[in-house]
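# Structure at a glance
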Amino acid sequence: MSTTYDKIKEIETEMARTQKNKATAYHLGTLKAKLAKLRRELIAPPKSGGGGGEGFDVAGTGVARVGFVGFPSVGKSTLMSKLTGTFSEVSEIEFTTLTTVPGVLHYKGAKIQILDLPGIIEGAKDGKGRGRQVIAVARTCSLIFLVLDVLKPLTHKAIIEREMEAVGIRLNKQPPNIVFRKKDKGGINMTSTVPLTHLDSDVVRSVLSEYRISSADISLRCDATVDELIDVIEGNRVYIPAVYVLNKIDQISIEELDLIYKIPHAVPVSAHHEWNFDELLEIMWEYLNLARIYTKPKGQLPDYSAPVVLKKDKTSITDFCNSIHKGILKEFSHALVWGNSVKHAPQKVGKDHALVDEDVVSIVKKN
């Protein structure tokens with residue numbers, strides 16, 4: 001009996017053999033849907049009640065989580081220990097870090113959890129080594145640092161991206177603008193607001209039939225590909241920003257460094273010499289998309305030492321109050337705000353007011 005891994009290999013071989021043209025689009029769509037279903041089986045955690053792998057469940061601390069992913073011995077552990085002061089075993093041999101090592105980085109008043117994930121290897125998506133657990137932790141990160149050795153070819157970058165794609169992690173991408181809704185009856189109803197160059201109704205039906213979906217409403221608001229349609233149907237994809245940290249720049253020339261700067265989302269550093277850490281941290285802050293809100297107790301100066309850090313898409317006064325204590329809103333009357341989100345200083349605002357980075361807030365309770 002062939003295993004899931006064997007079935008995946010068969011489908012990948014079949015896809016590599018099939019020419020891409022209009023006549024084979026239907027067949028390829030079906031194969032891609034089959035492949036997505038098999039991959040889901042392979043990376044899903046086992047359903048038996050046995051104990052999980054040790055060392056991979058990391059309690060969340062801080063306002064965001066940054067995962068260090070990369071091949072063994074590219075300098076992840078050195079980089080992490082220099083950034084956080086946490087010691088993760090460092091060695092010249094491959095596969096030194098065997099469990100997830102957490103550390104905390106304090107930056108701009110925010111506590112950011114840093115995770116050194118065990119060296120990811122080619123085939124992690126197929127459950128090889130401890131790849132499955134590494135990927136499960138990587139899916140929970142707010143940002144991923146792909147640490148690459150600048151002396152090794154950029155094929156490593158492509159391998160890690162391929163592994164991530166295969167397990168449902170989409171790096172530096174936005175979710176496709178597709179609205180998908182299953183129905184009990186009524187057949188397939190497909191509409192699009194833009195011209196479609198990759199999909200037609202036959203390909204969509206072939207993918208849906210593979211998922212045994214006979215009735216659904218699909219609204220395509222972008223020129224989507226088959227892969228993006230499958231992502232929406234699967235519904236378990238995570239979209240995470242990523243930064244390519246190109247380590248060991250102390251061993252290359254200035255001309256080579258200029259070339260590296262042309263790679264999108266890349267930051268060259270030297271973990272050993274602590275070169276370019278300030279740019280790395282600045283880009284980390286930008287990609288995490290966080291806002292610092294300072295508190296001001298009544299009759300006192302603002303407290304600039306310990307800001308309340310919020311995600312930029314969740315910066316209402318309600319979010320601000322809940323992040324301090326859930327009980328504040330019960331006694332909430334209004335808030336006084338100083339900063340760029342208001343026209344006057346201070347300005348009286350309600351619960352729905354959206355704050356921006358470095359605003360100062362004073363909560364006024366009901367009498």
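Basis of the calculations
- Residues numbered from 1 in each chain as written.
- Predicted model: local features only at pLDDT ≥ 70, side-chain atom pairs only at ≥ 80, totals over all residues.
- Heavy atoms only, no water.
- Pairing = 2+ DSSP bridges.
- Helix = DSSP H or I, 4+ residues; strand = E, 2+ residues; numbered from the N terminus.
- Axes fitted to C-alpha atoms, helices over the stretch in contact; angles between N-to-C directions.
- Polar contact = N/O pair within 3.5 Å; in protein donor to acceptor, adjacent residues only side chain to side chain.
- Contact = heavy atoms within 4.5 Å.
- Core = buried A, V, L, I, M, F, W, Y, C linked by side-chain atoms within 4.5 Å.
- Buried < 20%, exposed > 50% of the residue type's maximum accessible area, 1.4 Å probe, protein only.
- Arc of directions from axis to C-beta.
- Salt bridge = Lys/Arg side-chain N within 4 Å of Asp/Glu carboxyl O.

## Topic: the sheet that holds strand β15 (residues 347-349)
For sheets, the rule is that strands pair by backbone hydrogen bonds, running either parallel or antiparallel. The sheet built from five strands is open, its strands ordered β13-β12-β16-β14-β15 with mixed pairing. On the outer flanks of this sheet lie β13 (303-311) and β15, each paired with one strand and no other. On average, adjacent strands in this sheet sit at an angle of 40° to one another, irrespective of strand direction. Pairing geometry for strand β12 (residues 290-295) and β13, over five bridges, is antiparallel. Its bridge partner being in β13, leucine 290 is matched across the sheet by lysine 311.

## Notes on the side chain of lysine 296
Within the secondary structure, lysine 296 is located in the loop between β12 and β13. For lysine 296, the side chain forms a polar contact with the main-chain oxygen of glutamine 300, separated by 3.0 Å. Residues contacting lysine 296, with those up to four places away along its chain left out, are Leu301, Pro302, Trp338, Val360, Val361 and Ser362.

## Quick notes on the nonpolar core
Core analysis: the biggest nonpolar cluster contains 58 residues, and Val66, Leu79, Ile144, Phe145, Ile169, Leu280 and Met284 have the highest contact counts within it. At seven residues, the largest contribution of residues to this core is made by helix α9 (residues 277-288). Beyond its immediate chain neighbours, meaning those up to four positions away, isoleucine 169 contacts Ile135, Ala138, Arg139, Ile144, Met164, Val238 and Ile240. The next biggest cluster of nonpolar side chains, apart from the first, holds 21 residues, and it includes Phe180, Val207, Ala216 and Leu220.

## Some details on the pairing of strand β4 (residues 143-149)
Looking down a regular strand, the side chains alternate between one sheet face and the other. Counting buried residues along β4, seven of its seven residues qualify, which places the element largely inside the surrounding structure. Neither face of β4 is exposed, since Leu143, Phe145, Val147 and Asp149 on one face and Ile144, Leu146 and Leu148 on the opposite face are all buried. The sheet contact formed by strand β1 (residues 64-70) and β4 spans five bridges and is parallel. For phenylalanine 68, the partnering residue across the bridge sits in β4 and is phenylalanine 145. As judged from the six bridges shared by β4 and strand β10 (residues 242-247), these two strands associate in the parallel manner. Each bridged residue has a counterpart across the sheet, and for leucine 146 the counterpart in β10 is tyrosine 244.

## Some points on helix α10 (residues 317-324)
Taken residue by residue, α10 has Ile317, Phe320 and Cys321 as its buried positions. Down the axis of α10, the buried set is contained in an arc of 95°. They therefore lie on one face. Considering only its buried residues, α10 is in contact with β12, β13, β14 (332-338), β15 and β16 (359-365).

## Considering the pattern of salt bridges
Should their charged atoms come close, side chains of opposite charge can pair. Per the stated rule, a full pass over the model turns up 16 salt bridges. A salt bridge links lysine 32 to aspartate 227, with the shortest nitrogen-to-oxygen separation between them at 3.5 Å. One end of the pair, lysine 32, is in helix α2 (residues 25-43); the other, aspartate 227, is in helix α7 (residues 226-234), with 195 residues separating them in the sequence. A salt bridge links glutamate 165 to arginine 170, with the nearest nitrogen and oxygen atoms 3.5 Å apart. Residue classification places glutamate 165 among the partly exposed residues on the basis of a relative accessible area of 31%. Residue arginine 170 is classed as buried on the basis of its relative accessible area of 7%. Linked by salt bridges that have partners in common, Glu165, Arg170, Lys173, Asp231 and Arg237 make up one network.

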